[in-house]
Amino acid sequence: VQPIGGYSLTTPGHFTTDLTVDQPTNYTLDFGFDSPIDPIKMRPHGDVCATWTFWYYIFVTNTSSSAINNVVLTDTLPAGIAPYSVQTGIGYPYTYVPGGTFDGVNQVVWHLGSLGPGNSLAVWIRAQTYGWAAGHCLTNYAWLGADEIEIPIPMSDVACIRACQSNPPTPVPPPPPTPTPTPTATPTPLPGLTTLVIQQGSSGQSEDTYLYRYAPQANYALSPLLKAGYKQTNVSLLRFTLPALPAGATVHQASLQLYAAGWGGADMELGVYAITRTVTISEATWTNARTGFPWGAGGLGDVTTDRRPAPEDRLTTAGPTRWYGWDVTNLVKEWYAGMPAEGVLLRGGTSTASFFFASAEAEQVSKRPRLVIQYWLPGGSPVIVRDEPIPLPRDDRPMPTATPVVPPKELLERLEADAPPTE
């Protein structure tokens, strides 16, 4: 996947755009050093089925120190969207708060007024495709403009439509976490070695949320996505309920496994850190570990009170729509030895890259976070086992392909006119 256009403006602005196929897409426009406005356009539930109802939204944050005025979002729907099905609004999906103006054909416009420093807003579209769209990839374009933005920021999303079974389910808000059956251990072919998988809604219980620097009091425990990256403005917390192991059992290996549902167009390094203070996931924000109890530094920034300074494991990503695994063997051993299991922090470096992972509230249960633990039952002999990493789940879904989106001719001409000379 290649950047759209690939142009940059001279100081004081910096313009970057990245396209993510069939996944959340992130675009950023920076004014000077500390004045970015950050729009994120995404579809929370992945695949789009022909004639089924789906949602997507655009989330805009003003991270500058001054107001952004006369904010206007314009979204042009592709030909495969059925106009009679289109609903538009303001706020997160499932809120059904109306907003925006649909022309009845293919364009939606939101006039959003001013956006103060550090403030955020979201708009949404709910729609269906025509039946004939199955087997086609549809491109949706959106543009963000404001008085302070000389050239509107382009966004786009390519969705490959597939035919699905009849009688599709009606989307409903994600329910709060509910108790699930105690996970059962499945023996592997190796004598004495047992593998335990903890996954919300399938085999065990977990909960998670992400934290956002520019929405410091917001909790995202019901979001279908976890986020990490973009200059450490997003970090994620995950916690699993550990079942009791049989008497005398010994932990052999443990792996945290996450499914990357999308990205911002660039790979990044991600580390997993042990959380060292009491956390309430449903109350955690960038500011607070739980209501009334702030972090030592925002976003678990204090390595003496909030988290360990060194990661349990780290890796460099290799694109979206695949599983990633971090070795957390030593940490899980400590949890079973009596250390409070407050969970882990997923944190990136200082690059502008972003990654989006399926959360414990993701619609597709099989893509939710997994904690996989291998342990020895009494009488087992670890001598016969080769020390190999715990395997990741196999993902049978082919990654869709699409042609990189090119902005309209007039935008490219303006970008070329403003581009610095090249040697």
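Residues numbered from 1 in each chain as written. Predicted model: local features only at pLDDT ≥ 70, side-chain atom pairs only at ≥ 80, totals over all residues. Heavy atoms only, no water.

**Points about the overall build of the chain**
Okay, step 1: Broken down by element type, the chain carries two helices and 27 strands.
Okay, step 2: Looking at the chain residue by residue over its 423 residues, the buried ones come to 51%.
Okay, step 3: When contacts within the chain are restricted to residue pairs at least 6 apart in sequence, long-range pairs at least 24 apart make up 74% of them.
Okay, step 4: Accessible surface computed for the chain: about 18,700 Å², of which carbon and sulfur atoms make up 54%. (Helix = DSSP H or I, 4+ residues; strand = E, 2+ residues; numbered from the N terminus. Buried < 20%, exposed > 50% of the residue type's maximum accessible area, 1.4 Å probe, protein only. Contact = heavy atoms within 4.5 Å. Areas by Shrake-Rupley, 256 points an atom, 1.4 Å probe, with all protein chains shown as cover.)

**Brief notes about the environment of A50**
Okay, step 1: In this fold, A50 is placed in the loop between strand 5 (48-49) and strand 6 (53-62).
Okay, step 2: Taking the C-alpha atoms as reference points, A50 and A133, 83 residues apart in sequence, are found 6.3 Å from one another.
Okay, step 3: Among all residues touching A50, those that are not within four sequence positions of it are T129, Y130, G131, A134, I161 and R162.

**Details of helix 1 (residues 329-336)**
Okay, step 1: Along helix 1, the positions that sit buried rather than exposed are T329, L331, V332 and W335. Summarising the axial view, the buried residues of helix 1 lie within an arc of 165 degrees, below the 170-degree limit, and thus occupy one face.
Okay, step 2: Looking one or two places after helix 1, you find G338, whose phi comes out positive at around 125 degrees. (Arc of directions from axis to C-beta.)

**Thoughts on the pairing of strand 13 (residues 149-162)**
Okay, step 1: In terms of burial, strand 13 is largely enclosed, as eleven of its 14 residues are buried.
Okay, step 2: Across two bridges, the pairing between strand 5 and strand 13 is parallel. Within the sheet, the bridge partner assigned to C49 lies in strand 13 and is R162.
Okay, step 3: Relative to strand 13, strand 12 (residues 137-146) runs antiparallel, the two being bridged by nine bridges. If you follow N140 over to strand 13, its bridge partner there is D157. (Pairing = 2+ DSSP bridges.)

**Considering unusual backbone geometry**
Okay, step 1: With a phi close to 65 degrees, Q232 is a non-glycine residue in the positive phi region.
Okay, step 2: Mapped onto the elements of the fold, Q232 is located in the loop between strand 17 (225-229) and strand 18 (234-240).
Okay, step 3: Classification of Q232 as buried rests on a relative accessible area of 17%.
Okay, step 4: Located in the positive-phi region is L300, a residue other than glycine, with phi close to 60 degrees.
Okay, step 5: Of note, L300 is situated in the loop between strand 22 (293-294) and strand 23 (313-316).

**Re the confidence of the model for the chain**
Okay, step 1: Looking at the chain, pLDDT values average 77 and 72% of them are 70 or higher.
Okay, step 2: Low confidence marks residues 1-36, where pLDDT is under 50. Its contacts with residues over four positions away, or in another chain, come to 126 contacts.
Okay, step 3: A low-confidence stretch, residues 396-423 (pLDDT under 50), is modelled with 44 contacts involving residues beyond four sequence positions or located in other chains. (pLDDT = per-residue confidence, 0-100.)

**Quick word on the pairing of strand 18**
Along any regular strand the residues' side chains alternate between the sheet's two faces.
Okay, step 1: Counting buried residues in strand 18 gives seven out of seven residues, a clear majority hidden from the surface.
Okay, step 2: Residues N234, S236, L238 and F240 of strand 18 are buried on one face, and the alternating residues V235, L237 and R239, pointing to the opposite face, are buried as well.
Okay, step 3: Pairing of strand 16 (residues 206-212) with strand 18 involves seven bridges; the strand directions are antiparallel. The residue of strand 18 that forms the bridge with Y210 is S236.
Okay, step 4: Two elements, strand 18 and strand 25 (residues 344-348), share three bridges in a ladder whose sense is antiparallel. The partner of S236 across the bridge, within strand 25, is L346.

**Focus on the nonpolar core**
Okay, step 1: In terms of nonpolar packing, the biggest core is built from 33 residues, with W326, L346 and F357 touching the most fellow members.
Okay, step 2: Excluding residues within four positions of it along the chain, W326 makes contact with A254, S255, L256, L258, L270, G271, V272, D313, R314, L315, L346 and F357.
Okay, step 3: Judged by nonpolar contacts, the second largest core, of 30 residues, contains I58, V108, W110 and V123. (Core = buried A, V, L, I, M, F, W, Y, C linked by side-chain atoms within 4.5 Å.)

**Considerations on the state of the cysteines**
Okay, step 1: Taken as a whole and judged by the stated rule, the model has one disulfide.
Okay, step 2: Here C137 pairs with C160 through a disulfide, and the sulfurs are 2.1 Å apart. Between C137 and C160, the S-S dihedral sits near 90 degrees, and the bridge is therefore right-handed. Of this pair, C137 sits in strand 12 while C160 sits in strand 13; the two residues are 23 residues apart in sequence, bridging distant segments of the chain. (Disulfide = S-S within 2.5 Å.)

**So, the pattern of salt bridges**
Okay, step 1: Under the definition given, this model contains six salt bridges.
Okay, step 2: With a shortest N-O distance of 3.0 Å, E207 and R239 are connected by a salt bridge. Here R239 lies in strand 18 and E207 lies in strand 16, a separation of 32 residues in the sequence.
Okay, step 3: Owing to a relative accessible area of 27%, E207 belongs among the partly exposed residues under this scheme.
Okay, step 4: Between E334 and R308 there is a salt bridge, with its nearest N and O atoms 2.7 Å apart. Within this pair, whereas E334 is found in helix 1, its partner R308 is found in the loop between strand 22 and strand 23, the two being separated by 26 residues in sequence.
Okay, step 5: Connected via shared salt-bridge partners are E207, R239 and E342. (Salt bridge = Lys/Arg side-chain N within 4 Å of Asp/Glu carboxyl O.)

**Considerations on the sheet that holds strand 5**
Okay, step 1: If you walk across this open sheet you meet the six strands as 5-13-12-7-10-9, and the pairing is mixed. The open sheet is flanked by strand 5 and strand 9 (101-102), the only strands paired with a single partner.

**Thoughts on the packing of aromatic side chains**
Okay, step 1: This structure, assessed with the given rule, holds nine aromatic pairs.
Okay, step 2: With a centroid separation of 5.9 Å and an interplanar angle of 15 degrees, the aromatic rings of Y130 and W132 are classed as stacked.
Okay, step 3: Given the relative accessible area of 27%, Y130 is considered partly exposed.
Okay, step 4: Three or more aromatic residues link up through ring pairs in this structure, and these residues are W263, Y324, W326, F355 and F357.
Okay, step 5: Looking at K367, its charged tip hangs above the ring of Y259, at a distance of 5.0 Å from the centre.
Okay, step 6: Above the face of the W323 ring, R370 is positioned so that its terminal group lies 5.9 Å from the ring centre. (Phe/Tyr/Trp six-rings, centres within 6.5 Å; stacked < 30°, edge-to-face > 60°. Lys NZ or Arg CZ within 6 Å of the ring centre and 35° of its normal.)

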